[in-house]
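Here is how the chains run, residue by residue.
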Amino acid sequence: MSTGWCSVQDGRILLRLHDGLPGRMKARPFLAVVLAVTLLLLGLAAGAGWLLWQRSPLQLQRRALVVPSSARFVPRTAALGLFLLSDPQQPVDYARAQAPVRQRRQAAEAVARLRDGAFAAAGLDYPGELASWLGAETGLALVASQPGQPPDGWLLALHSRDGDGARRFLQRFWQTRSLAGTDLQVSSYRGMGVISGRGALLGSQPVPIATALIDDDLVLLASGRGVLEQALDVSQIDELNLAADPSFRQAVQRLGRGTLLLQLRPAGLEAWLGLPAAGGAARPSALPLQSGTLALRPSGRRLELEALLALTPEASPQLDLQVVPQVEQAEPADLALRTDPPPPADPAQPVPAAAPVQTAWTSRLDPARAAALMAGLRGDPDSLALLQDPAHWPEAWNQLLQQLLQQPEGGPLPGAVLAADAGPLLWSQGPQGWLLATPADQPEPAALQPALDQLGLVTAMLQRPDGGSQQVWTRLDAQEGSGRQRRSGPQLSVSLAGARELESDQAWWGQTLAVLEQRRQGGPVPRDRLRALDALELPEAPLQWASGPETARARLRRWPVWRLLNSLAGQPLDGGVDGLALGLEPESGDGLHLRLDLGFG
């Protein structure tokens, strides 16, 4: 088909025709080829980006939690189930990618030593035996032969990234031990081949060892044939294994994201975890942990730990709570757990009155009232806490609060305020001492005076130069003199225990007059600590605490789990810690929701 144009000029009609269709027809295939090539390149780029993201260590930040396949071999009664849901090399690469440029090599080496030390504790050489084939899931379980006792057996589940890696590992594993004199026993249990023997793991004395290969890609390594057979048994019965536990599956779904998953039943592990014991050493008001599900995930240069904790219920058809009367020179046990029926009461012996069991607190922090308290805070505190109704907390969690906040040189006044406070409370600890903020009438100083009188504190009123007033508490201290003064006996001195002043509808309590004056004079807002509290994303939690580097390192060094990690890594791990934050809130029923953020510089 031809196209053209026409015009009229000087009475003549001009008509010009030309054929444009062949050119267009020639251009269409060229445009189609260009479009196809463009789409192909975009598809290749998208695929390459997806592959890079899947292999990138940064995707650990958004990894979705799933029920580990190896949890099928872990009994529900296991004291601990630990699951790493990534290639063991990825945390090392993540530390290298996130650390400051000058510290990348040191950060990667520290994480690598921690990983190698953890496998070495199980008797395995990660670089030599595992690095070439270990896949994206590793599981560890600690089991006890007797309920309620410390674990005395362990089970390790190793997933292979290919079909031959697990088989080659078992061949080399037993070949090396057989050459060292291990007597091997090959048998079958539940249709699966089991190899057991008594040999030496890496750097250890000969111990019982048992292994099994599941579906050619899962190696089970146990501390004895009995532990391995138990794992194979529970894998066939959903009512006994962890993977089918409804509460565990629900907790995994709620936690959402994580790289490390931990299921914990702390009976027998209280000392290792730094928790109050559930038995004789616990007070009647203690709330021992029954179980917990924890998820650890990296976020930038922070590690976020989120936990859903279940407390021991007040009454259970399997447990009879009986108060044991205290006997002189006896152990301080107020509460005994009995699994058998109690003995018949002796009519000649008076029955002691049972102390009421204290339940978890249900208070919620009002974010608006907390913000009003924080608005008047100035300076650069090393630690900062928001509390709601600490006067009615259970005793066990008051012990946790004291470990977080109390300073040996802080004196008795902060504890007296906490014991009487029913409203929101702000706690700040800085170089010049502690600083508290409460509502003006919570608590009233008159309510504290009887307890302070017993501590030998004397109250007085002072006038400030600006016309304001302060209430102070002082104490007389007797000190031995030196030289000639020693002959005249002890010397008396007055020390300041604390002071209180009002500002609008708030009361500010300070360890020294200097800390109160510094706040009145203004200064920078403690943005780092406030940002750390906001990052917890628990605005109504009755316990929110954030600290700087020095306090964070001091708290971590006292934690038995942290000391264990240091020993596995073979070096202190707190050198790069620059902050720690913790939030704790109650949940419906007998549960707690915990968030802990550990920052690195």
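It should be noted that the structure appears before, not after, this text.
Caption draft 1: Molecular detail of the packing of aromatic side chains. All chains considered together, the criterion is met by 5 aromatic pairs. Judged by centre distance (5.4 Å) and plane angle (25 degrees), the rings of Phe119 and Tyr126 are stacked. Judged on exposure class, the residue Phe119 and its partner Tyr126 are both buried. Relative to Trp174, the ring of Phe173 has its centre 5.2 Å away and its plane inclined at 90 degrees; by these criteria the two rings are edge-to-face. With relative accessibility at 1%, the residue Phe173 sits in the buried group. The buried category is assigned to Trp174, whose relative accessible area is 4%. Three or more aromatic residues joined by ring pairs form one cluster here, namely Trp133, Phe169, Phe173 and Trp174.

Caption draft 2: View of unusual backbone geometry. Cis rather than trans, the peptide bond between Gln442 and Pro443 has omega equal to -5 degrees. Along the polypeptide, Pro443 turns up in the loop between β17 (433-439) and α12 (445-454). Phi at Asp215 is positive, roughly 55 degrees, even though this residue is not glycine. With respect to the element layout, Asp215 can be found in the loop between β8 (206-214) and β9 (218-222).

Caption draft 3: Region of interest: the nonpolar core. The biggest cluster of nonpolar side chains holds 50 residues, and the ones touching the most others in it are Leu387, Leu405, Trp427, Trp509 and Leu543. Core analysis: the next-biggest nonpolar cluster, separate from the first, contains 32 residues, Leu155, Met192, Ala212 and Leu261 among them.

Caption draft 4: Local environment of helix α7 (residues 246-255). Listing the buried residues of α7 in full gives Phe248, Ala251, Val252 and Leu255. All buried residues of α7 fall inside an arc of 100 degrees around its axis, so they share one side. What points out from α7, more than 90 degrees from its buried face, is the exposed set Pro246, Gln250 and Gln253. Note on α7: the residue one or two positions beyond its end, Gly256, has a positive phi of about 85 degrees.

Caption draft 5: Expanded view of the environment of Leu60. On the secondary structure map, Leu60 appears in the loop between α1 (21-55) and β3 (80-84). Here Leu60 falls in the buried class, since its relative accessible area comes to 3%. Leu60 has contacts with Ser86, Gln90, Pro91, Tyr94, Thr259 and Pro298, leaving out every residue within four places of it along the chain.

Caption draft 6: Structural detail: the pairing of β3. Burial runs high along β3: 4 of the 5 residues are buried. Two elements, β3 and strand β4 (residues 134-143), share 5 bridges in a ladder whose sense is antiparallel. In the strand pairing of β4, Gly81 is matched with Ala141. Pairing between β3 and strand β10 (residues 260-264): 5 bridges, direction antiparallel. Bridging across to β10, Leu84 finds its partner in Leu260.

Caption draft 7: Structural context of the side chain of Gln263. As for its position among the elements, Gln263 is in strand β10. A distance of 2.6 Å separates a polar atom in the side chain of Gln263 from a polar atom in the side chain of Thr293. In this structure, Gln263 is in contact with Ala79, Leu80, Gly81, Leu242, Phe248, Ser291, Gly292 and Thr293, ignoring residues within four places of it in sequence.

Basis of the calculations
- Residues numbered from 1 in each chain as written.
- Predicted model: local features only at pLDDT ≥ 70, side-chain atom pairs only at ≥ 80, totals over all residues.
- Heavy atoms only, no water.
- Phe/Tyr/Trp six-rings, centres within 6.5 Å; stacked < 30°, edge-to-face > 60°.
- Buried < 20%, exposed > 50% of the residue type's maximum accessible area, 1.4 Å probe, protein only.
- Helix = DSSP H or I, 4+ residues; strand = E, 2+ residues; numbered from the N terminus.
- Core = buried A, V, L, I, M, F, W, Y, C linked by side-chain atoms within 4.5 Å.
- Arc of directions from axis to C-beta.
- Contact = heavy atoms within 4.5 Å.
- Pairing = 2+ DSSP bridges.
- Polar contact = N/O pair within 3.5 Å; in protein donor to acceptor, adjacent residues only side chain to side chain.

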